[in-house]
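Observations on the three-dimensional arrangement
Each chain is listed here by its residues.
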Amino acid sequence: MVEMFPLNSADAAYGKIRGMLSTLGDPFTRIISPKEYQSFRIGSDGNLQGVGLFINVEPKTGHLVVLSCLEGTPAARAGIHEGDELIEINGQRLDGVDGEAAAQMLRGQAGTSVTVKLHTGNDSGRGSSTKEVKLPRELIRLSSISSTVIPHRTPDGRLTKTGYVKLSTFSQTAATDMENTIQEMENQGVQSYILDLRNNPGGLVKAGLDVAKIWLDGTETLVNTVDRDGHMSPINMINGHAVTHDPLVVLVNEGSASASEILAGALHDNGRAILVGHKTFGKGKIQSVTELHDGFALFITVAKYLSPALHDIDQVGIIPDVQCTTDMLNSSPKETLMKDKSSVLLLEADSCIMVAEHELDIQESKGTVS
């Protein structure tokens, strides 16, 4: 390579490497700087300094799009929504910029700010608008789990408890936090569950597999991997014991990606859960990460995932059993079992939650899955 391209600096060398990698046509195969790699590692720990945006490259268009905004963060307060397309950060065009590089531009010391220009989609299909917002950077604590208990009256008039658990990212503590949450809800007499993976962009794949084990028994297949030669290898549980066998519905949408899709596929294909929502994002790639001697890191796609039922995830996504809208509907107040009544009432007004509760009623009428 040195003979073909005289290189005067490390930057020039890495520029050539990036050019070589781009010819593969895979936006997830890339080389990143030491600073970007440190941010990648910090993100899995659950804390970062930034604006609260999850972004990714849309494979078909190559555009940087918002997967989700963390509630209460600068991005959410500024009215940024999933599906918005990032155009510029601090005046720099993002053409050809990958997701990690853009995320690094958004991050920075708490107390500083960053200016973002976006294309905001119009749900009515009448076009889109462009807006520019200045976002303060803050310390973002990525609490992966939030939960509450929703009171639910069954068709025969009984008042039951449904455990609602939202998993926002797959961090190192996600499985432990999930198990503790489910165990606490079991102690409270919860009889059914809604696991919300909407707008969860993924994270650590191992965390996704560990969360699946909380809900499954035996030696079930969690996911299959397929290498470039077409060789398939299943990843199976070993003598698994579920924390609960209560009925389960999993909520997904276009912002559910990567580890979210692996988890949803594992629970669905093993007959453990009904999927409700919209088709998922479609990122099912396996990457090898190599840290180089100077702190740079090379991400190379080496295989892809198939669900236990051998459904392709990558660039396809997972289609739920039941579709629902995301409209917020008016509902009459119900008895609440939590101190935070507003959050419970907000969930009860979510049409996808209402569909999920209906599906739980159907599951209960057929008998609990085991």
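Above this note sits the structure.
Thresholds, definitions, all that
- Residues numbered from 1 in each chain as written.
- Predicted model: local features only at pLDDT ≥ 70, side-chain atom pairs only at ≥ 80, totals over all residues.
- Heavy atoms only, no water.
- Helix = DSSP H or I, 4+ residues; strand = E, 2+ residues; numbered from the N terminus.
- Buried < 20%, exposed > 50% of the residue type's maximum accessible area, 1.4 Å probe, protein only.
- Contact = heavy atoms within 4.5 Å.
- Areas by Shrake-Rupley, 256 points an atom, 1.4 Å probe, with all protein chains shown as cover.
- Core = buried A, V, L, I, M, F, W, Y, C linked by side-chain atoms within 4.5 Å.
- Lys, Arg positive; Asp, Glu negative; His and termini not counted.
- Salt bridge = Lys/Arg side-chain N within 4 Å of Asp/Glu carboxyl O.
- Polar contact = N/O pair within 3.5 Å; in protein donor to acceptor, adjacent residues only side chain to side chain.
- Pairing = 2+ DSSP bridges.
- Axes fitted to C-alpha atoms, helices over the stretch in contact; angles between N-to-C directions.
- Parallel < 35°, antiparallel > 145°, perpendicular 65-115°, else oblique.
- Left-handed = near helix turned anticlockwise from the far one by under 90°.
- Nonpolar A, V, L, I, M, F, W, Y, C, P; charged D, E, K, R; others polar.

Before going further, it helps to examine the overall build of the protein. Counting its secondary structure elements, the protein contains nine helices and 19 strands. Residue burial in the protein is summarised as follows: out of 370 residues, 47% are buried. Counted over contacts in the protein with a minimum sequence separation of 6, partners at least 24 positions apart contribute 68%. Of the accessible surface of the protein, which amounts to about 18000 Å², a share of 51% is contributed by carbon and sulfur atoms.

In terms of nonpolar packing, the biggest core is built from 40 residues, with Leu-167, Met-178, Leu-195 and Trp-215 touching the most fellow members. Apart from the residues lying within four places of it in its own chain, the contact partners of Trp-215 are Met-178, Ile-182, Tyr-193, Leu-195, Ala-242, Thr-244, Leu-248, Leu-267 and Arg-272. The next biggest cluster of nonpolar side chains, apart from the first, holds 22 residues, and it includes Ile-55, Val-57, Ile-80 and Val-97.

What follows deals with the side chain of Asp-361. As for its placement among the helices and strands, Asp-361 is situated in helix H9 (residues 351-366). No salt bridge is formed by the buried Asp-361; its nearest oppositely charged neighbour, Arg-158, is found at 6.9 Å. There is a polar contact of 2.8 Å between the side chain of Asp-361 and the side chain of His-152.

Moving on, we come to the pairing of strand E10 (residues 145-153). Where E10 and strand E11 (residues 159-167) come together, nine bridges link them in antiparallel fashion. Following the sheet pairing, Thr-148 is matched in E11 by Tyr-164.

Packing of helix H6 (residues 205-215) against helix H7 (residues 259-269) leaves a shortest axis separation of 9 Å and a crossing angle of 25°. As the angle between them shows, H6 and H7 are arranged roughly parallel. Of the two possible hands of crossing, H6 and H7 adopt the one that is right-handed. Of the residues in H7, those touching H6 at Val-205, Gly-208, Leu-209, Val-211, Ala-212 and Trp-215 are Ala-259, Ile-262, Leu-263, Ala-266 and Leu-267. Counted by class, the contact of H6 with H7 contains 10 nonpolar, one polar and no charged residues.

Pairing in this open sheet of six strands is mixed, and the strands run E10-E11-E12-E15-E16-E19 from one edge to the other. The strands lining the two open edges of the sheet, one partner per strand, are E10 and strand E19 (322-323). Pairing geometry for strand E12 (residues 192-196) and strand E15 (residues 248-252), over four bridges, is parallel. Of the residues in E15, the one forming a bridge with Ile-194 is Val-249.

Further remarks concern the environment of Gly-19. Summarising the element assignment, Gly-19 is placed in helix H1 (residues 10-22). Measuring from C-alpha to C-alpha, the distance between Gly-19 and Arg-30 comes to 9.6 Å, with 11 residues separating the pair along the chain.

It is worth spelling out the pattern of salt bridges at this point. Oppositely charged side chains can pair when the atoms bearing their charge come close. Under the counting rule described, the total for this entry stands at 12 salt bridges. With its nearest N and O atoms 3.5 Å apart, the salt bridge here joins Asp-95 to Arg-93. Among the ionic contacts, a cluster of salt bridges with common partners joins Lys-166, Asp-196, Arg-198 and Asp-350.

Right, let's talk about unusual backbone geometry for a bit. Phi at Asn-239 is positive, roughly 50°, even though this residue is not glycine. Counting through the fold element by element, Asn-239 comes out in the loop between strand E14 (232-236) and E15. Non-glycine residue Leu-310 carries a positive phi angle of around 70°. Summarising the element assignment, Leu-310 is placed in the loop between strand E18 (297-306) and E19.

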